Amino acid sequence: VEVKDVPGFYVNRALSPMMAELGPLFADGVTPAALDEAILDLGMPVGPCALLDEVGADVALHVQSTMIADQTMGDRMLGADPAMLQTIVDKGWLGRKTGKGFFVYKGKKKQPHADALAFVETRLKRRDAKLSPTEIQDRFISRFVNEAAVCLQEGIVRS
């Protein structure tokens, strides 16, 4: 795949707006486990919270900051919450590499991280919008689809 030299190239450019929807979904009462389950049910190989844990919150914060600073992204990074990621980094919840992030890792097994869930529930949640799995899927994946279309329009990828 030939990709134009732009911040984030293609993968992070398409992924970042989608991951920016984490904060708004948490604000609307979606838990990390419910979000991951909905996205897995959509057919994605990994949920967004588990993906963030695999990449590392510190790396995700750097990527998010880079994409927010990219003026060509316009308002497509709205909803991104660097303060949320910074708090997660400050707490040492970097993901699998530290043994805990949105989940706690023991070998290949993972379970929800009670402290991370409490953080989402008490610091990020603003209301319980009672979103269905389909609504969660639509909000999350539409960000990716829209950015992929922009990448085609802007010639970042050709096909």
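In this text, all values refer to a predicted model and were calculated from it rather than measured experimentally.

Concerning the nonpolar core
Counting residues in hydrophobic clusters, the biggest one holds 30 residues, and the most contacted among them are Leu22, Phe26, Leu35, Leu52, Met84, Phe102 and Phe140. Top contributing element to this core by residue count: helix H7 (residues 114-124), with 4 residues. Not counting the four nearest positions on each side in its chain, Leu22 is found in contact with Leu35, Pro48, Cys49, Leu52, Met84 and Phe140. Of all hydrophobic cores here, the second largest spans 5 residues; its members include Ala20, Met73, Met77 and Ala80.

Some points on helix H8 (residues 133-153)
Look at H8: 30 Å from first C-alpha to last across 21 residues, which is about the 30 Å you get at 1.5 Å a residue. Roughly 25 degrees is the biggest bend found in H8, and it falls at Ile141. Among the residues of H8, Ile136, Gln137, Phe140, Ile141, Arg143, Glu147, Ala148, Val150 and Cys151 are the ones counted as buried. For H8, the secondary structure elements touched by its buried residues are helix H1 (11-19), helix H2 (22-27), helix H3 (32-42) and helix H4 (48-55). Trailing H8 by a residue or two, Gly155 shows a phi angle of about 75 degrees, which is positive.

Notes on the pairing of strand S1 (residues 103-106)
Here 4 bridges tie S1 to strand S2 (residues 109-112), and the two strands are oriented antiparallel to one another. Residue pairing across strands places Tyr105 opposite Lys110, the latter belonging to S2.

Some thoughts on the pattern of salt bridges
One pass over the structure, following the stated rule, counts 12 salt bridges. Between Asp28 and Arg127 there is a salt bridge whose closest N-O contact spans 2.8 Å. A residue pair is termed long-range when its members are at least 10 positions apart, and Asp28 in the loop between H2 and H3 and Arg127 in the loop between H7 and H8 qualify at 99 residues. Judged by relative accessible area, Asp28 falls into the buried class, the value being 10%. One salt bridge connects Lys97 with Asp58, and the closest N-O pair in it is separated by 2.9 Å. Of the two residues, Lys97 is situated in the loop between helix H6 (82-90) and S1 and Asp58 in helix H5 (residues 57-69); the sequence distance between them amounts to 39 residues. Residues joined in a network through salt bridges with shared partners are Arg13, Asp70, Arg76, Glu147 and Glu154.

Regarding the packing of H3 against H8
Each pair of packed helices can be described by the angle between their axes along with the distance between the axes. Close contact between H3 and H8 brings their axes to 9 Å; oriented N to C, the two are set at 80 degrees. The pairing of H3 with H8 is recorded here as roughly perpendicular in orientation. Residues Leu35, Ala38, Ile39, Asp41 and Leu42 of H3 pack against Pro133, Ile136, Gln137, Phe140 and Ile141 of H8. Here the contact of H3 with H8 is composed, by residue class, of 8 nonpolar, 1 polar and 1 charged.

Brief notes about the packing of aromatic side chains
Using the criterion set out here, one finds 2 aromatic pairs in the structure. On the basis of an interplanar angle of 50 degrees and a centroid distance of 5.6 Å, the ring pair of Phe26 and Phe102 is categorised as tilted. Placement of the pair is Phe26 in helix H2 and Phe102 in the loop between H6 and S1, with a sequence separation of 76 residues. Of the two residues, Phe26 and Phe102, neither departs from the other in class, the shared state being buried. Pairing Trp93 with Phe119 gives two aromatic rings, centres 6.2 Å apart and planes at 75 degrees, and the pair type is edge-to-face. Taken as a pair, Trp93 in the loop between H6 and S1 and Phe119 in helix H7 lie far apart in primary sequence, 26 residues in all. A single burial state applies to Trp93 and to Phe119, both of which are buried. Across from the ring centre of Phe103, 4.4 Å away, lies the NZ or CZ of Lys110, which sits over that ring.

Calculation notes
Residues numbered from 1 in each chain as written. Predicted model: local features only at pLDDT ≥ 70, side-chain atom pairs only at ≥ 80, totals over all residues. Heavy atoms only, no water. Core = buried A, V, L, I, M, F, W, Y, C linked by side-chain atoms within 4.5 Å. Buried < 20%, exposed > 50% of the residue type's maximum accessible area, 1.4 Å probe, protein only. Helix = DSSP H or I, 4+ residues; strand = E, 2+ residues; numbered from the N terminus. Contact = heavy atoms within 4.5 Å. Expected span 1.5 Å × (residues − 1). Bend = angle between axes of the 7 residues up to and from the residue. Pairing = 2+ DSSP bridges. Salt bridge = Lys/Arg side-chain N within 4 Å of Asp/Glu carboxyl O. Axes fitted to C-alpha atoms, helices over the stretch in contact; angles between N-to-C directions. Parallel < 35°, antiparallel > 145°, perpendicular 65-115°, else oblique. Nonpolar A, V, L, I, M, F, W, Y, C, P; charged D, E, K, R; others polar. Phe/Tyr/Trp six-rings, centres within 6.5 Å; stacked < 30°, edge-to-face > 60°. Lys NZ or Arg CZ within 6 Å of the ring centre and 35° of its normal.

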